[in-house]
Amino acid sequence: MADETVTMRIWRGDKDSGAFQEFQVAAHEGEVVLDVIHRIQATQANDLAVRWNCKAGRCGSCSAEVNGRPRLTCMTRMNLFASGEPVTVAPMKTFPIIKDLVTDVSFNFEMAKRVPAFKPRPREPDGTYRMRQEDIDRVQEFHKCIECFLCQNVCHVIRDHDENKPHFAGPRLFIRYAELEMHPLDTNDRRELLKTEMGLGYCNITKCCSEVCPESIHITDNAIIPLKERVVDEFYDPVKFVVRKLTGRNKKV
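This write-up is about the structure you can find in this document. Keep in mind that what you see is a predicted model, and the values were worked out from it rather than measured.

This part is about the side chain of Thr103. Tracing the chain through its elements places Thr103 in strand β7 (residues 102-103). Apart from residues no more than four positions distant in its own chain, Thr103 is found in contact with Arg51, Pro91, Met92, Phe95, Pro96, Ile97 and Ile98.

As structure tokens, then:
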């Protein structure tokens, strides 16, 4: 886009009340939404609250809803929008508003505290660990998560039902569980926790979380569905249940 004046509709307010406020502001070629928000903050609304840090799509801080779609504002170029089209920026809906575009995402960190830690198996007799490369490759994708919480924001289980939050870890935390459950050295078993306390069964695999992930992590296909399969194998497969009871085997695979 060439340099032009754009209409930005930004939500202003706190947890009690608020409304969208329009700003006419310059937007220059090559800029992203966060650039324009900073210009508004510097020239028209010094008290505008917006969270950001790296401005490089690595910290996940600047998450918001831009024209109704959850995005990182630092990675959303202004030339995505047609000339003359108003750009609406709203805070993430799933989390309580602190002020303007800043939301309270502490729910995610509280749920993270409930994830049982990595518990490695004993070392080999020579003092080393050995893993197959394919097992290592399987969990590498999950390490790309930047904790922008856009996946949590679009998950209807908690977006539309606050009462589910204490009982539903959400896509970001299911990535963490998958990362640990699939780790070739980990010996902790989190399947019962996923079934009874983390709400894995609430997910109906619509893949909306995967669609908004800025790191293109296949959250549903590679994390949530395999976790569901493991829970089903453990608690609902009658043949495997009997075999485990008879043999005493309950090893993660």
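Back to the write-up after that little detour.
This next bit is on the sheet that holds strand β2 (residues 18-27). With mixed pairing, the 5 strands of this open sheet are ordered in space as β2-β1-β5-β3-β4. Every interior strand has two partners, whereas the edge strands, β2 and β4 (69-72), have only one. When strand polarity is set aside, the average angle formed by the axes of neighbouring strands in this sheet is 35°. Where strand β3 (residues 63-66) meets strand β5 (residues 87-90), 2 bridges bridge the pair, whose relative direction is antiparallel.

Direction vectors running N to C along helix α6 (residues 171-181) and helix α9 (residues 219-235) enclose 65°, while the axes themselves pass 9 Å from each other. Overall, the two elements α6 and α9 adopt an arrangement that is roughly perpendicular. The element α6 and its partner α9 pack so that their crossing is left-handed. Note on element contacts: α9 touches α6 through Ile219, Ala223, Ile224, Leu227 and Arg230, opposite Pro171, Phe174, Ile175, Tyr177, Ala178 and Glu181.

Residue position: Asp100 is located in the loop between β6 (97-99) and β7. When its relative accessible area of 2% is taken as the criterion, Asp100 is described as buried. At a separation of 2.8 Å, a polar atom in the side chain of Asp100 contacts the main-chain amide nitrogen of Ala49. Apart from the residues within four sequence positions on either side, Asp100 is in contact with Trp11, Arg12, Gly13, Asp47, Leu48, Ala49 and Pro91.

A few words on helix α10 (residues 238-247). Where α10 starts, the residue carrying a side-chain oxygen 3.0 Å from the main-chain nitrogen of Val239 turns out to be Asp237. Looking at the residues trailing α10, positive phi occurs at Gly248, about 75°.

Let's shift gears to the pattern of salt bridges. All told, the structure shown has 23 salt bridges when counted by the stated rule. Residue Glu197 pairs with Arg114 through a salt bridge whose shortest N-O separation is 3.8 Å. Of the two residues, Glu197 sits in the loop between α7 (191-196) and α8 (208-212) while Arg114 sits in the loop between α2 (106-112) and α3 (133-140), which places them 83 residues apart along the sequence. With a relative accessible area of 40%, Glu197 lands in the partly exposed category.

Together, Phe241, Val242 and Leu246 make up an exposed nonpolar region whose accessible area comes to about 320 Å². By the secondary structure assignment, Leu246 is in helix α10.

The next subject is the environment of Gly60. Turning to its location among the elements, Gly60 is positioned in the loop between α1 (33-43) and β3. By relative accessible area, Gly60 is classed as buried at 9%. Gly60 has contacts with Leu72, Ile146, Glu147 and Cys148, leaving out every residue within four places of it along the chain.

Below, the discussion takes up the nonpolar core. Membership of the largest hydrophobic core comes to 65 residues, with the highest contact counts inside it found for Met8, Ile10, Ile37, Ile40, Val89, Phe174 and Tyr177. Per element, the largest residue contribution to this core is 6 residues, and it comes from α6. What Phe174 contacts, discounting residues up to four positions off in sequence, is Phe168, Ala169, Leu194, Met198, Gly199, Leu200, Ala223, Ile224 and Leu227.

So, how was this worked out
- Residues numbered from 1 in each chain as written.
- Predicted model: local features only at pLDDT ≥ 70, side-chain atom pairs only at ≥ 80, totals over all residues.
- Heavy atoms only, no water.
- Helix = DSSP H or I, 4+ residues; strand = E, 2+ residues; numbered from the N terminus.
- Contact = heavy atoms within 4.5 Å.
- Pairing = 2+ DSSP bridges.
- Axes fitted to C-alpha atoms, helices over the stretch in contact; angles between N-to-C directions.
- Parallel < 35°, antiparallel > 145°, perpendicular 65-115°, else oblique.
- Left-handed = near helix turned anticlockwise from the far one by under 90°.
- Buried < 20%, exposed > 50% of the residue type's maximum accessible area, 1.4 Å probe, protein only.
- Polar contact = N/O pair within 3.5 Å; in protein donor to acceptor, adjacent residues only side chain to side chain.
- Salt bridge = Lys/Arg side-chain N within 4 Å of Asp/Glu carboxyl O.
- Patch = residues over 30% accessible without salt bridge, like charges linked within 9 Å, V, L, I, M, F, W, Y side chains within 5 Å.
- Areas by Shrake-Rupley, 256 points an atom, 1.4 Å probe, with all protein chains shown as cover.
- Core = buried A, V, L, I, M, F, W, Y, C linked by side-chain atoms within 4.5 Å.

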